[in-house]
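So the chains spell out like this:
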Amino acid sequence: MRPKNIVILTGAGISAESGIQTFRDKGGLWEKYRLEDVATPQAFRKNPAFVLDFYNKRKKDLLKVEPNAAHFALARLEKEYPGKVLLVTQNVDDLHERAGSKNLIHMHGELLKVRCEHCGAIFREEGDIFVDNPCPSCGKSGGLRPHVVWFGETPLFLEKIYSALNECDLFVAIGTSGTVYPAAGFVVVARKAGAYCVELNLEPSAMADYFHEHHYGPATKIVPTFVEKLLQTKISFDTEKSP
């Protein structure tokens, strides 16, 4: 039976092939920076200049790369699939948008946006931000921070995401480690709701046993192939016969 509602979760693995450096892999960002120094509210209060410099550098790196075949395949799926396709990403890059995806939730925020802690205003900013920059909305300085979810903060749009998971009949996780919650637990929610669950990853994730079906390899290879089969209705989903 062809799914009517599809929810797709993407993680760092889908953007790695575009040149976006991951956090947890060997040689990743956490080997160069302590997360406690750059990715917590406490770090920002202690040394905002250092934190802002870290994210300014990440923005420069992001603006140098382009979406890859996996991003474009998901944008194509959203455009051509007769049912509903919701893309939920853990990534803070804008590669899904640049590839053409529109029905998209950034649960961990967006690197190319800035939020003011004084007034709550959110705006796009591709350039550097510094401690003394005034907020364009309220005019106060010292409150501008990256619009990203740091450790210890609650991911965004969780109510909308859980609602979609409980309504979907196909859940696909792409390029995720299965170690970061609450996203790692999405497959459990979707499966309990009756959805068929598929993992597309470079290798088995920590939550691999919860998926009915697995495809392993580079995202640029396996995602376009999977999308093509979905669009050609060459995939059948039977949760009753799956592990």
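Residues numbered from 1 in each chain as written. Predicted model: local features only at pLDDT ≥ 70, side-chain atom pairs only at ≥ 80, totals over all residues. Heavy atoms only, no water.

Participant: I tried to follow the side chain of Asn-91 on my own but got confused; where do I start?
Facilitator: Following the sequence through the fold, Asn-91 ends up in the loop between strand E2 (84-89) and helix H6 (95-99). Leaving out residues up to four positions away in the same chain, Asn-91 has contacts with Thr-10, Gly-11, Ala-12, Ile-14, Ser-15, His-106 and Gly-109. (Helix = DSSP H or I, 4+ residues; strand = E, 2+ residues; numbered from the N terminus. Contact = heavy atoms within 4.5 Å.)

Participant: Help me understand the packing of aromatic side chains, please; the structure alone is not making it clear to me.
Facilitator: For any pair of aromatic rings, geometry is given as the distance between the ring centres together with the angle between the planes. By the definition in use, this model includes five aromatic pairs. When the ring of Phe-44 is compared with that of Trp-150, the centres are 5.6 Å apart and the planes differ by 40°; the resulting orientation is tilted. Here Trp-150 lies in the loop between strand E6 (144-148) and helix H7 (158-167) and Phe-44 lies in helix H3 (residues 41-46), a separation of 106 residues in the sequence. Comparing Phe-44 with Trp-150, the two get one shared label, buried. Ring centres 6.2 Å apart and planes at 45° place the aromatic pair Tyr-55 and Trp-150 in the tilted group. Of this pair, Tyr-55 sits in helix H4 (residues 48-62) while Trp-150 sits in the loop between E6 and H7; the two residues are 95 residues apart in sequence, bridging distant segments of the chain. (Phe/Tyr/Trp six-rings, centres within 6.5 Å; stacked < 30°, edge-to-face > 60°. Buried < 20%, exposed > 50% of the residue type's maximum accessible area, 1.4 Å probe, protein only.)

Participant: Can you walk me through unusual backbone geometry in this structure?
Facilitator: Glycine aside, the phi torsion of most residues is negative, and most peptide linkages are trans. Cis geometry is found at the peptide bond from Tyr-181 to Pro-182, where omega equals 10°. Within the secondary structure, Pro-182 sits in the loop between strand E7 (170-174) and helix H8 (186-192). Not every positive phi belongs to a glycine, and Phe-157 is a case in point at roughly 60°. With respect to the element layout, Phe-157 can be found in the loop between E6 and H7.

Participant: What is the right way to read the sheet that holds E6 from this model?
Facilitator: With respect to topology, three strands assemble into an open sheet ordered E5-E4-E6, the strand pairing being antiparallel. Because the sheet does not close on itself, it has two edges, and the strands there are strand E5 (122-124) and E6. Along the sheet, successive strands turn relative to each other by an average axial angle of 45°, direction set aside. Relative to E5, strand E4 (residues 109-116) is paired through three bridges, and the arrangement is antiparallel. What sits directly across from Lys-113, in E5, is Arg-124. Running over the sheet, H4 touches E4 and E6 and is turned about 140° from E4. (Pairing = 2+ DSSP bridges. Axes fitted to C-alpha atoms, helices over the stretch in contact; angles between N-to-C directions.)

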